[in-house]
Amino acid sequence: MRKEFLVFGSPCIEDSEILEVVKVLKSGWLGTGPRVARFEKDFLNYKQSNFAIAVNSCTAALHLSLIASGVGAGDEVITTALTFCATINAILHAGAKPVLADIDPVTMNIDPVRVEEKITENTKALLLVHFAGRPCDMENLCRIAKKHNLKIIEDCAHAIESEYRGKKVGSLGDFGCFSFYVTKNIVTGEGGMVLTKNEEDAARIKMLALHGMTKDAWKRFSDRGYKHYYVTECGFKYNMMDIQAAIGIHQLQRVEQYWQRRRHHWQRYSEAFADMPIVIPAAAPEDTRHAYHLYTILVDKDIVGISRDEFLEEMTARNIGVGVHYLSIPEHPYYQQVCGYDLKDYPHAAQVGRQTLSLPLSAKLNDDDLDDVISAVKDIVVSRSVVQRRGV
Ligand SMILES: *Cc1c(COP(=O)(O)O)cnc(C)c1O
């Protein structure tokens with residue numbers, strides 16, 4: 001068995017970002033400054049959109065995108081029943097009602113057929129999550145949005161590298177929101193980004209990210225003399241710091257290299273588990289590019305002889321860190337109470353939420369780490385089926 005615990009989702013931090021952070025600290029300019037501007041420009045260049053606004057999380061990016069979409073009290077936003085809580089919280093913080101649509105059990109993405117059923121006269125926007133880095137069915141979702149005059153916000157927390165029919169995700173809808181949290185494909189510690197093609201929306205988001213102060217506030221302490229600012233809206237404290245951007249600039253240079261590594265890990269897992277009684281992720285369609293953010297397996301107790309929760313414990317006992325992405329949204333007591341969700345209405349998300357388990361997929365893993373993960377999974381499945389055969 002492995003000696004050291006394999007941490008789930010540990011980032012690759014290299015010397016160039018360490019040195020850049022030291023430079024920022026020595027420069028004395030820790031807040032939003034030249035490195036944030038550079039990171040926005042580089043990100044825009046990679047993603048090929050019109051405007052990028054760096055913020056301190058994807059949650060902040062989602063919240064501001066909803067506000068800029070005109071979403072507020074009394075409005076409904078349709079989103080997936082299988083996502084991280086931040087997706088739902090952002091809708092609630094915008095004052096709107098999150099309306100859930102069930103997933104397609106094969107893609108694990110929101111099902112356009114279920115979306116259409118949920119549209120009412122109060123629906124303002126669709127908040128789409130490209131789950132695990134697999135692009136949503138954008139053709140049908142964009143068609144629905146157009147027909148009902150809805151904004152599209154893409155939660156691209158898993159999907160920096162994803163493409164749909166040659167277009168980068170995050171610029172297929174009105175807003176694209178990205179995360180640079182420690183476990184994501186590239187990291188800044190905490191951090192996020194909004195992409196938009198609309199100049200006015202970009203200006204409003206930038207202003208709302210810094211207290212609602214007019215744009216001169218961003219340079220009020222520059223060497224060009226003090227600039228007054230005026231508060232024109234009640235904004236938030238969502239700006240990114242240069243310390244974070246210093247990490248991001250160098251991480252972004254390796255985004256494709258890391259993607260290649262994760263694709264390699266993904267293929268090794270898929271080959272190793274092909275004949276096992278667990279469900280592995282479906283291959284992405286030819287005309288899309290998967291970001292390979294999560295490798296999720298499904299553990300059905302009736303078939304494997306062990307529940308997902310027991311499987312998690314067995315993996316941890318073998319020194320392999322694992323994750324769950326995610327318990328479905330209707331499982332959480334707060335959302336049940338406030339939004340009135342009933343698990344029965346989302347059978348696919350409920351089932352995936354109870355059977356899913358994420359294996360380590362970080363670019364940092366080497367071949368020995370992968371061997372350890374694969375042996376642990378095989379060992380658990382084989383030992384359980386032996387127990388079953390003995391009728392214990
Ligand atoms: C991580 C994540 C978020 C939140 O990102 P932060 O940068 O931590 O705010 C939102 N949505 C999804 C799907 C995520 O995985």
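In this text, all values refer to a predicted model and were calculated from it rather than measured experimentally.

The next subject is the overall build of the protein chain. If you tally the helices and strands in the protein chain, you get 14 helices and 12 strands. For a compact globule of 392 residues, the expected C-alpha radius of gyration is about 21 Å, and the protein chain comes in at 22 Å, within 12% of that figure. Overall, the protein chain is about 80 × 55 × 40 Å in size when its C-alpha atoms are taken along their principal axes. Each of the 392 residues in the protein chain was classed as buried or not, and the buried ones make up 55%. For the protein chain, contacts bridging at least 24 residues in sequence account for 72% of all contacts bridging at least 6.

Right, let's get into the side chain of Asn109. Tracing the backbone through its elements, the reader meets Asn109 in the loop between strand S3 (97-101) and helix H5 (112-118). Residue classification places Asn109 among the buried residues on the basis of a relative accessible area of 2%. Side-chain polar atoms of Asn109 contact the backbone oxygen of Arg134, separated by 2.9 Å. When near neighbours in sequence (up to four residues on either side) are disregarded, Asn109 contacts Ile103, Asp104, Val129, His130, Phe131, Arg134, Pro135 and Cys136.

We now examine the site of the ligand. In the region of the ligand, 16 residues are neighbours, and Thr59, Asp155, His158, Ser179 and Lys184 sit closest. Between the ligand and the protein, one listed contact pairs an oxygen atom with a backbone N or O atom of Cys58 at 2.8 Å. For the ligand, an oxygen atom lies 3.0 Å from a polar atom in the side chain of Tyr326. When the free accessible area of the ligand is taken as 390 Å², the share hidden by the protein chains comes to 94%. For the shell around the ligand, a count of residues per class yields seven nonpolar, seven polar and two charged.

What follows covers empty space enclosed by the protein. The full count for this structure, using the stated rule, is one cavity of 30 Å³ or more. Considering only enclosed or pocket space, the largest cavity measures out at about 100 Å³ in volume. As for the largest cavity, its lining consists of Val106, Thr107, Met108, Phe131, Ala132, Arg134, Trp266, Pro281, Ala282, His290, Leu294 and Thr296. By residue class, the composition of the lining of the largest cavity is eight nonpolar, three polar and one charged. When residues of the lining of the largest cavity are sorted by domain, at least three fall in each of domain 1 (15-101 + 109-253) and domain 2 (255-390).

Examined against the element boundaries, Asn122 turns out to sit in the loop between H5 and strand S4 (123-129). Along the sequence, Asn122 and Glu76 sit 46 residues apart, while their C-alpha atoms lie 5.5 Å from each other. Setting aside its immediate chain neighbours within four residues, Asn122 contacts Gly74, Asp75 and Glu76.

For the protein chain, the assigned domains read domain 1 (15-101 + 109-253) and domain 2 (255-390). The C-alpha centroid of domain 2 is placed 27 Å from the C-alpha centroid of domain 1. Each partner contributes to the interface: domain 1 provides 36 residues, whereas domain 2 provides 31 residues. Along the contact surface separating domain 1 from domain 2 lie two salt bridges. Our enumeration of links across domain 1 and domain 2 arrives at 16 residue pairs in polar contact (both at pLDDT 80 or more). Going through the elements one at a time, helix H4 (85-93), S3, strand S6 (163-164) and helix H8 (242-253) are the ones with two or more residues in the side of domain 1 that touches domain 2. Within the side of domain 1 that touches domain 2, the residues separate by chemical class into 19 nonpolar, 11 polar and six charged.

For the rest of this paragraph, the subject is the pairing of strand S12 (residues 356-359). Each regular strand carries side chains that alternate between the two faces of the sheet. Neither face of S12 is open: one carries Thr356 and Ser358, the other Leu357 and Leu359, and all of them are buried. As paired strands, strand S11 (residues 295-298) and S12 are joined by four bridges and run antiparallel to one another. Bridging from a neighbouring strand, Thr296 pairs with Ser358 of S12.

Cis rather than trans, the peptide bond between His325 and Tyr326 has omega equal to 0°. Along the chain, Tyr326 turns up in the loop between helix H11 (308-317) and helix H12 (333-339). Positive phi outside glycine occurs at Ala132, with the angle close to 65°. With respect to the secondary-structure elements, Ala132 resides in the loop between S4 and helix H6 (138-147). With relative accessibility at 5%, the residue Ala132 sits in the buried group. Positioned with a positive phi, His211 is a non-glycine residue whose angle comes to about 65°. Here His211 is to be found in the loop between helix H7 (199-209) and H8.

Basis of the calculations
- Residues numbered from 1 in each chain as written.
- Predicted model: local features only at pLDDT ≥ 70, side-chain atom pairs only at ≥ 80, totals over all residues.
- Heavy atoms only, no water.
- Helix = DSSP H or I, 4+ residues; strand = E, 2+ residues; numbered from the N terminus.
- Rg over C-alpha atoms; globule rule 2.2 N^0.38 Å.
- Buried < 20%, exposed > 50% of the residue type's maximum accessible area, 1.4 Å probe, protein only.
- Contact = heavy atoms within 4.5 Å.
- Polar contact = N/O pair within 3.5 Å; in protein donor to acceptor, adjacent residues only side chain to side chain.
- Near = heavy atom within 4 Å.
- Areas by Shrake-Rupley, 256 points an atom, 1.4 Å probe, with all protein chains shown as cover.
- Nonpolar A, V, L, I, M, F, W, Y, C, P; charged D, E, K, R; others polar.
- 1 Å grid on protein atoms, 1.4 Å probe; cavity = no way out; pocket = protein on both sides within 12 Å on 5 of 7 lines; lining within 4 Å.
- Points joined across faces, edges and corners; volume = space filled by probe spheres on them.
- Domains from an automatic or database assignment.
- Salt bridge = Lys/Arg side-chain N within 4 Å of Asp/Glu carboxyl O.
- Pairing = 2+ DSSP bridges.

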